[in-house]
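Observations on the three-dimensional arrangement
The primary structure of each chain is shown beneath.
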Amino acid sequence: QVQLVESGGGLVQAGGSLRLSCVASGGTFSSYAMGWFRQAPGKEREFVAAISRSGGTTYYVDSLKGRFTISRDNAKNTVYLQMNSLKSEDTAIYYCAAVTAAPARVVVIQNEYEYWGQGTQVTVSS
């Protein structure tokens, strides 16, 4: 029912910034908790950030706090991931995900998400 399309990936130099977008269709965006995940070559997919339905609550993996910011614009059915001070180890395919959730809930376990995008490649050069 829900389709998610990521965009904004590309090649950037270390220390640079990038802003990813994920547009949702086919559902009621404001009813979904949203999250960002990433998968680097040869590694398992890992949690990056999550945001509640209204955007009032966010949660980040400890190692990325201060560099990455998740936000959403429910009027545009879009969730964003602002990435600053990028490092080579940030290179990965980045996925957004959605799940119906109670108000104010942040979902951090990837198995709880129902819908996934196709991913967008982020490559950080040294």
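Check the entry above for the structure.
So, here is what we can say about the structure in this document.

Reading the values: the criteria
Residues numbered from 1 in each chain as written. Predicted model: local features only at pLDDT ≥ 70, side-chain atom pairs only at ≥ 80, totals over all residues. Heavy atoms only, no water. Helix = DSSP H or I, 4+ residues; strand = E, 2+ residues; numbered from the N terminus. Buried < 20%, exposed > 50% of the residue type's maximum accessible area, 1.4 Å probe, protein only. Contact = heavy atoms within 4.5 Å. Polar contact = N/O pair within 3.5 Å; in protein donor to acceptor, adjacent residues only side chain to side chain. Phe/Tyr/Trp six-rings, centres within 6.5 Å; stacked < 30°, edge-to-face > 60°. Lys NZ or Arg CZ within 6 Å of the ring centre and 35° of its normal.

Moving on, we come to the overall build of the chain. Regarding its fold elements, the chain presents zero helices and eleven strands. Listing every helix and strand of the chain by position from the N terminus yields β-β-β-β-β-β-β-β-β-β-β. For the C-alpha atoms alone, the extent of the chain along its principal axes is close to 40 × 25 × 25 Å. Looking at the 126 residues of the chain, the share that counts as buried comes to 43%. Here the analysis covers contacts within the chain between residues at least 6 apart in sequence; of these, 60% occur between residues at least 24 apart.

Our next topic: the side chain of Thr78. Mapping Thr78 onto the fold places it in strand β8 (residues 78-83). Take Thr78: its relative accessible area is 6%, and that puts it in the buried class. Polar contacts involving the side chain of Thr78 include one to the main-chain carbonyl oxygen of Lys76, which spans 2.8 Å. Excluding residues that lie within four positions of it along the chain, Thr78 makes contacts with Ser21, Cys22, Val23, Phe29, Ser71, Arg72 and Asp73.

For the structure shown, the criterion picks out six aromatic pairs. Aromatic pair Phe37 and Tyr113: ring centres 5.4 Å apart, planes at 85°, arrangement edge-to-face. Remark: Tyr113 occurs in the loop between β9 (92-100) and β10 (115-116) and Phe37 occurs in strand β4 (residues 32-39); sequence separation between them is 76 residues. Phe37 gets classed as buried once you look at its relative accessible area, which sits at 0%. Between Phe37 and Trp116, the aromatic rings sit 5.0 Å apart at their centres with planes inclined by 50°, giving tilted as the arrangement. Of this pair, Phe37 sits in strand β4 while Trp116 sits in strand β10; the two residues are 79 residues apart in sequence, bridging distant segments of the chain. Feature note: the residues Phe37, Phe47, Tyr59, Tyr113 and Trp116 constitute an aromatic cluster, connected by ring pairs. Positioned above the aromatic ring of Tyr80 is the side chain of Arg19, whose terminal nitrogen or guanidinium carbon lies 4.0 Å from the ring centre.

Turning our attention to unusual backbone geometry. In this model, Asn77 sits at a positive phi of 50°, which is unusual for a non-glycine residue. One can find Asn77 in the loop between β7 (68-73) and β8. For Asn77, a relative accessible area of 28% puts it in the partly exposed group. Positioned with a positive phi, Ala104 is a non-glycine residue whose angle comes to about 75°. One can find Ala104 in the loop between β9 and β10.

The analysis is restricted to geometry; functional conclusions fall outside its scope.
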